[in-house]
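Each chain, letter by letter, is given below.
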Amino acid sequence: MDHRNRRLDIVLALGIAAFILVPWYRIEGGFLGFGWLSDFPSEASVAPGILQILGFGRWWLGVAAAVMTAAVAARFIADPMRRGTVLAIAGALGVLFLTLQGLAIGFSGWSWTVSETLFGALADGQPSMGAGAVLSAFAFVLIFSFGLAERGVMKGDAFVVASIAILVFLVAIFVFYPVGSMLVGAFQDFDGSFNPDGFTRNIQDNSIWSLGCVVGGERCGVAWRTLWLALMTAGGSTIMGLAFALVATRTRFPFKKGLRLLTVLPIITPPFVIGLALTLLFGRAGVITESLSNLFGIEPGRWLYGLTGIWIAQVLSFTPISFLVLIGVVEGVSPSMEEASQTLRADRWRTFWHVSLPLMKPGIANAFLIGFIESMADFGNPLVLGGSHGVLSTEIFFAVVGSQNDPSRAAVLAIILLCFTLTAFLAQRYWLSGKNFATVTGKGDSGSHIALPRSISIAVHAMVIPWMIFTVVIYGMILFGGFVKTWGLDNSLTLEHYARAFSVEMRDGALAWTGVAWNSFWTTIEIALISAPLTAAVGLLTAYLIVRQKFAGRNVFEFALMMSFAIPGTVIGISYIMAFNLPPLEMTGTALILIACFVFRNMPVGVRGGVAAMSQLDKSLDEASLTLRATSFRTIRKVILPLLRPAITAALVYSFVRAITSISAVIFLVSAQYNMATSYIVGLVENGEYGVAIAYSSMLIVVMIVVIAGFQLLVGERRLRRENRVAGITTAPSLSLGQEKTV
């Protein structure tokens, strides 16, 4: 009881501090700059909540203060059930009221006409929420959680209840609220008033839905053009990924290590760099184009600039992801199933087609879905190679930052893009639901898969070998392009591009970073290093709750979290702009909006990796720890995490790489102060500075390789040591060290 009271006392103290010790509203220049201390608490812009109520006429905050007071009073109720009820009600009312007042009152007064009708006009409005408002909101969430724990929810485990409540709260703010704001924005005018004319005009636009062409042709409406490209890319990347997985696991291909290396490179490459390399090869002044023109007199064409070029670049970019998804599935098909088929006199072709391939359906479906969503969200390659044939992602961008300046059109296009990806996401889940693809049993087998049918072996080698050669050439162009003066015009070697991007000088005895790329480089590394651990922590905590805890709505909770994966980055970017550009939460132009975007965009990968790894850990480990009176938090820290090192490494690596290479969402969220590397490189490409762009990209690739290796060394490997001193004695993992000892 003392422990519970101490925990509650800390949260209540934080809630009180939120009202009296920190500014309630957003500080221009940032809270952590502490420039506000000189005016605190007398100035209205930096006054705490209690003075906003008493001295600056913002009476509505008094309701939140009264609810916090009720929560403090509940601390002294002796009966735990009654105390829990009051705390839960106070916490829920506090969160609800802060949300409503933040949405209802803007800079100039009421945001809703109905509010002004009910309560009359306000003399003054309010800025965006700041440190005080945010801190009080989290205090209310924790008060609500502790109240439920007092009433015995989740066996009274306050850590579990609070984790679920905070995750739901954060996902509601950073996933559902932005998407909802985007949907509302489609029906708003420039001043925020309701006006469906923009939605009606844009949804009926012939340039979006035109079918007056051959399906998939470049004169189709942008919606059908994007859908056709996504289907072709998903199909191509899935087929190629399956071919690589089969070659890596079912053949005697001599260069398997090289194949795996080549499949990793595109993942750590900025997404538009492959499109840029294709331009250096096949553009009008490209190496191959010039060679063909000189040798055979072939007139240089523009075939690369359109759907064909985008498709080639996307298949090259997304095939490695399909390979990583499929290789585990291909290896997971039990040889005993194939042996049984051959025992029944089926030949290798029939066994592969009717036994092996159907058991790979989950991986094939996941690879297709990932390729489809990645193609839909891809921004860099269509920007570099699309020419006049845009796709939804680029059209959304130009509707926001171009001469159109039409937020309603951007919102409508984002809704269409979201509908396509969610349809594919739901169709994939429906197709796989209710089906069992398990092949790993306790029965022994030979451990080796049957050889591929000769025709399939020839086919997959015919796809893989040219792709490997092509990839080597592509990356050769990327590396070489940074060392030539002007590609296609002056191919003499130079270090000028690297010097311009990353030059360093000594000035007045101090090191000066004089290169033009340093500012965005350090910003990118800093934000990636902050967001990667947060992404891993949120993802693994969510996985723990999904796998180890049983609570009402768990399936809905899991599905809601995975929805952020199905939302393309372009939609996330435009929805963040619409949601966080105005009160109640104004984060546009700050580092916080970039970190939030990366964490909740990449979180599902950490969740899925954590779920897969945690499902392999026997639940008796948790139960033994809890039986020894360890809390859930201590159990996670001492038992679960040491055994999840591979999942932690995967989550850290993926989130770090995605933070550096992401472009579709970032392009909307960067600012002059916080300009990410990918956005800066796009600007270089648009200005024709290909050499500097390639030099910068090469540096990023090297940095990512180094940091990935560092993450691996920092986290370490899961060590499972078995000591069987007596035959027949079983082993179990140690609770504290993550090793297995005899029991």
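Please read all numbers here as calculations on a predicted model, not as lab measurements.

Let's shift gears to a nonpolar patch on the surface. On the surface, a nonpolar cluster with roughly 880 Å² of combined accessible area is contributed by I89, L93, L96, L100, L103, W112, V114, L118 and F119. Contributing elements (two or more residues each) for the nonpolar patch: α4 (80-104) and α5 (113-119). A total of 5 residues in the nonpolar patch trace back to one element, the largest contributor, which is α4. Relative to the helices and strands, L93 resides in helix α4.

Take a probe with the size of a water molecule and roll it over the atoms, and the empty space left behind shows itself. Scanning the model with the defined rule gives 3 cavities of 30 Å³ or more in all. In this structure, the largest cavity occupies an estimated 70 Å³ of space. Along the walls of the largest cavity sit I370, I373, E374, F565, R601, N602, V605, Y654 and R658, which together make up its complete lining. Broken down by secondary-structure element, the contributors of at least two residues to the lining of the largest cavity are α17 (361-377), α26 (591-614) and α29 (645-661). When the residues that make up the lining of the largest cavity are grouped by side-chain class, the tally is 5 nonpolar, 1 polar and 3 charged. One number sums up the size of the second largest cavity: a volume of about 40 Å³. At 4 residues, the largest contribution of residues to the lining of the second largest cavity is made by helix α21 (residues 454-481). Within the lining of the second largest cavity, the residues separate by chemical class into 6 nonpolar, 1 polar and no charged.

The next point concerns the nonpolar core. In this structure, F174, M182, L278, Y576, F580 and F600 are the most contacted members of the largest nonpolar core, which totals 220 residues. Considering each element in turn, this core owes the most residues, 15 residues, to helix α7 (residues 158-185). Other than its neighbours up to four places away in sequence, Y576 contacts F174, P178, N581, I593, A596, C597, F600 and L669.

This part takes up the pairing of strand β3 (residues 504-507). Pairing between β3 and strand β4 (residues 510-513): 4 bridges, direction antiparallel. What sits directly across from V504, in β4, is W513. The antiparallel hairpin formed by β3 and β4 contains 2 residues in its connecting segment, where D508 sits at a positive phi of about 55°.

Now for the packing of helix α6 (residues 131-150) against α7. Contact geometry of α6 with α7 gives a least axis separation of 8 Å together with a crossing angle of 140°. The orientation of α6 relative to α7 falls into the category oblique. Regarding α6 and α7, the two cross each other, and that crossing is right-handed. Contacts between α6 and α7 involve A137, F138, V141, L142, S145, F146, L148 and A149 from the first element and A158, V161, A162, A165, I166, F169 and L170 from the second. A breakdown of the residues in the contact of α6 with α7 according to their chemical character gives 14 nonpolar, 1 polar and no charged.

By the secondary structure assignment, S664 is in the loop between α29 and α30 (666-669). Here S664 falls in the buried class, since its relative accessible area comes to 9%. Among all residues touching S664, those that are not within four sequence positions of it are A377, F379, G569 and T570.

Evaluated as defined, the whole model comprises 10 salt bridges. Residue R75 pairs with D9 through a salt bridge whose shortest N-O separation is 2.6 Å. Highlighted residues: R75 in the loop between α3 (61-74) and α4 and D9 in helix α1 (residues 2-20), separated in sequence by 66 residues. A salt bridge links R500 to E689; the shortest N-O distance between them is 2.4 Å. Here R500, found in helix α22 (residues 496-502), pairs with E689, found in the loop between α31 (677-686) and α32 (690-715); they are 189 residues apart in sequence, far enough to count as distant.

Further remarks concern the packing of helix α23 (residues 518-548) against α29. Their axes nearest at 8 Å, the elements α23 and α29 cross at an angle of 140°. Taken together, the axis directions place α23 and α29 in an arrangement best described as oblique. For α23 against α29, the interelement crossing comes out right-handed. Taken together, the residues of α29 that come into contact with α23 (itself represented by T524, I525, A528, L529, S531, A532, P533, T535, A536 and L540) are A647, I648, A651, L652, S655, F656, A659 and I660. Grouping the constituent residues of the contact of α23 with α29 by class yields 14 nonpolar, 4 polar and no charged.

What counts as what
Residues numbered from 1 in each chain as written. Predicted model: local features only at pLDDT ≥ 70, side-chain atom pairs only at ≥ 80, totals over all residues. Heavy atoms only, no water. Patch = residues over 30% accessible without salt bridge, like charges linked within 9 Å, V, L, I, M, F, W, Y side chains within 5 Å. Areas by Shrake-Rupley, 256 points an atom, 1.4 Å probe, with all protein chains shown as cover. Salt bridge = Lys/Arg side-chain N within 4 Å of Asp/Glu carboxyl O. Helix = DSSP H or I, 4+ residues; strand = E, 2+ residues; numbered from the N terminus. 1 Å grid on protein atoms, 1.4 Å probe; cavity = no way out; pocket = protein on both sides within 12 Å on 5 of 7 lines; lining within 4 Å. Points joined across faces, edges and corners; volume = space filled by probe spheres on them. Nonpolar A, V, L, I, M, F, W, Y, C, P; charged D, E, K, R; others polar. Core = buried A, V, L, I, M, F, W, Y, C linked by side-chain atoms within 4.5 Å. Buried < 20%, exposed > 50% of the residue type's maximum accessible area, 1.4 Å probe, protein only. Contact = heavy atoms within 4.5 Å. Pairing = 2+ DSSP bridges. Axes fitted to C-alpha atoms, helices over the stretch in contact; angles between N-to-C directions. Parallel < 35°, antiparallel > 145°, perpendicular 65-115°, else oblique. Left-handed = near helix turned anticlockwise from the far one by under 90°.

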